[in-house]
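# Breakdown of the fold
Residue-level listing of the chains:
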Amino acid sequence: MLHISSHVVIPDAEIDIHAMRSQGAGGQSVNKVSSAIHLQFEISSSSLPQLYKEELLKLRDNRISEDGVITIKAQQYRSQEQNREDALARLRELIQSVAIRRKKRRATKPTKGSKQRRLESKTKRGQLKTLRRTLE
């Protein structure tokens, strides 16, 4: 069971985990040990609340496919168990990130002082450019 929050839990049956050989340079046991973890989680068929599903599908994340499948590959550690924990932690972080409600931006007008500073910097820049001109 993967605990996302006090109310949201993902059963292990919904998370598909496969072990495979890690990429990159290795040592003597490079072609013998399957230590990398390939995790897949299908958003639409999961038991997540609808709010989480909608927000996850809205994300523009390269780990989420067009079909709504989250794919995480963990191969940072040498042990399979550490990579498994790392992949599950990254899945938890991704799902928790959509649970945070962001404040809507309230449009404001620029202040009088900021308008004045902007105009002063524009005139200063214009004067500098006129000084660069060649004399006739």
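In the block above lies the structure referred to throughout.
Residues numbered from 1 in each chain as written. Predicted model: local features only at pLDDT ≥ 70, side-chain atom pairs only at ≥ 80, totals over all residues. Heavy atoms only, no water.

So, on to the pattern of salt bridges. Applying the stated criterion across every chain yields a total of three salt bridges. A salt bridge links E55 to K58; the nearest nitrogen and oxygen atoms lie 3.3 Å apart. Here K58 and E55 lie together in helix α1 (residues 50-58), a separation of three residues that amounts to about one turn. Across the salt bridge formed by R63 and D61, the nearest N and O atoms sit 2.8 Å from each other. (Salt bridge = Lys/Arg side-chain N within 4 Å of Asp/Glu carboxyl O. Helix = DSSP H or I, 4+ residues; strand = E, 2+ residues; numbered from the N terminus.)

Further remarks concern the nonpolar core. By size, the foremost hydrophobic cluster in this structure holds 22 residues, and its most contacted members are I70, L91 and I95. Elements that contribute at least two residues to this core include exactly β4 (36-42), α1, β5 (69-74) and α2 (80-99). Looking at this core, the element that brings in the most residues is α2, giving six residues. When near neighbours in sequence (up to four residues on either side) are disregarded, I95 contacts I4, I10, F41, L48, Y52 and L56. (Core = buried A, V, L, I, M, F, W, Y, C linked by side-chain atoms within 4.5 Å. Buried < 20%, exposed > 50% of the residue type's maximum accessible area, 1.4 Å probe, protein only. Contact = heavy atoms within 4.5 Å.)

Quick look at α1 now. Within α1 the residues assigned to the buried category are Y52, K53 and L56. Buried residues along α1 cover an arc of 100° about the axis, so they all sit on one side. Where α1 is buried, its residues contact β5 and α2. (Arc of directions from axis to C-beta.)

What follows covers α2. The end-to-end C-alpha separation of α2 is 29 Å, in line with the 28 Å expected for 20 residues at 1.5 Å each. Residues of α2 that are buried: N83, D86, A87, L88, L91, L94, I95 and V98. (Expected span 1.5 Å × (residues − 1).)

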